[in-house]
Each structure stands twice: as C-alpha cells, then as structure tokens.
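Below, each chain spelled out in residue letters.
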Amino acid sequence: QLQLVEAGGGLVQAGDSLRLSCAASGATFNFSAMGWFRQSAFVAGIGWNGDDKYYSDSVKGRFTISRDNAKKMVFLQMNSLKPEDTGVYYCGARTQLYTIASSDRGAYAYWGQGTEVIVSA
C-alpha cells in the first residue's frame, strides 16, 4: 500500500519553470515505477531503479523526471512551460513491482490527490 502526496503546482507565465514533487509513504515505493499524468494523459515516467525514463512527445526536452528513493520522492522539473501544460498533475505508482514506467494509466494502482498547474500566455 502506498500513499502519495503531490506539491509544487501554481500559477506561472509561459516560459517559466516549476518543480513538482510527490512524497510517498509505504514500504514498496523503492520498488515501484512512478509516473506523472496530466489529468489522464501520460507526461513522464521513471522505472523503479531510476534508470529508465520516458516522456510524452509534448514535454520531451522540457520536462525532467527524477526520483530519490532515500527520501521516497519523485520530482518533475518543468521548464519552458506553455499554456497547453495547464492542468492537474497526478503522481502514480505502478501496480507491478520491479518494472519500468508505463504510459498506460491503468497500470498504476496508487494515486495522489493532484496539484494544479496553470500557465498563462
């Protein structure tokens, strides 16, 4: 069982940066692939050991996902933000352990409450 809490959203202007964080509690975090979704759309994912990272085409080159297993946290660094990045960002943990990330929302069993990002033009 994992509990996830996102933070770091806010209102910014186009071109600005934000760093989202996802704090986890639970014994299996270190073995869980993690993903960030904007509403239901996949944004970025990272494998359980941090070696595999995946991004949607729309954020590739602008966003960076990372994790700190010692602190049980996942981060999403968002640079060069665009108005189309606006939405509620959710952190998810995959059901299956010791896997890479997935762009399929159905592969994730645990979700946080979301943090809202608003990018003005």
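Residues numbered from 1 in each chain as written. Predicted model: local features only at pLDDT ≥ 70, side-chain atom pairs only at ≥ 80, totals over all residues. Heavy atoms only, no water.

Peer 1: An account of the packing of aromatic side chains is needed here, citing residue identities and associated values.
Peer 2: Within this structure, the stated rule accounts for 6 aromatic pairs. For the pair phenylalanine 31 and tyrosine 98, a centre-to-centre distance of 5.2 Å together with 35° between the ring planes defines the contact as tilted. In this pair, phenylalanine 31 is assigned in the loop between β3 (18-25) and β4 (32-38) and tyrosine 98 in the loop between β9 (87-97) and β10 (108-111), connecting sequence segments 67 residues apart. The exposure class assigned to phenylalanine 31 is partly exposed, which follows from its relative accessible area of 30%. Ring geometry for phenylalanine 37 against tryptophan 111: centres 5.3 Å apart, planes inclined by 75°, an arrangement best described as edge-to-face. Pair noted here: phenylalanine 37 is in strand β4 and tryptophan 111 is in strand β10, with a separation of 74 residues, a long-range link. Since its relative accessible area comes to 0%, phenylalanine 37 is described here as buried. Among the aromatic residues, those joined into a ring-pair cluster are Phe37, Phe42, Tyr108 and Trp111. In this arrangement the basic side chain of arginine 67 is found over the ring face of phenylalanine 29, its NZ or CZ atom lying 4.7 Å from the centre. Geometry around tyrosine 90 places arginine 105 over its ring, the cationic atom sitting 5.8 Å from the centre. (Phe/Tyr/Trp six-rings, centres within 6.5 Å; stacked < 30°, edge-to-face > 60°. Helix = DSSP H or I, 4+ residues; strand = E, 2+ residues; numbered from the N terminus. Buried < 20%, exposed > 50% of the residue type's maximum accessible area, 1.4 Å probe, protein only. Lys NZ or Arg CZ within 6 Å of the ring centre and 35° of its normal.)

Peer 1: Kindly report on the side chain of serine 56, identifying the contributing residues and their values.
Peer 2: Checked against the element boundaries, serine 56 lands in the loop between β6 (53-55) and β7 (63-68). Not counting chain neighbours up to four residues away, the residues in contact with serine 56 comprise Phe42 and Val43. (Contact = heavy atoms within 4.5 Å.)

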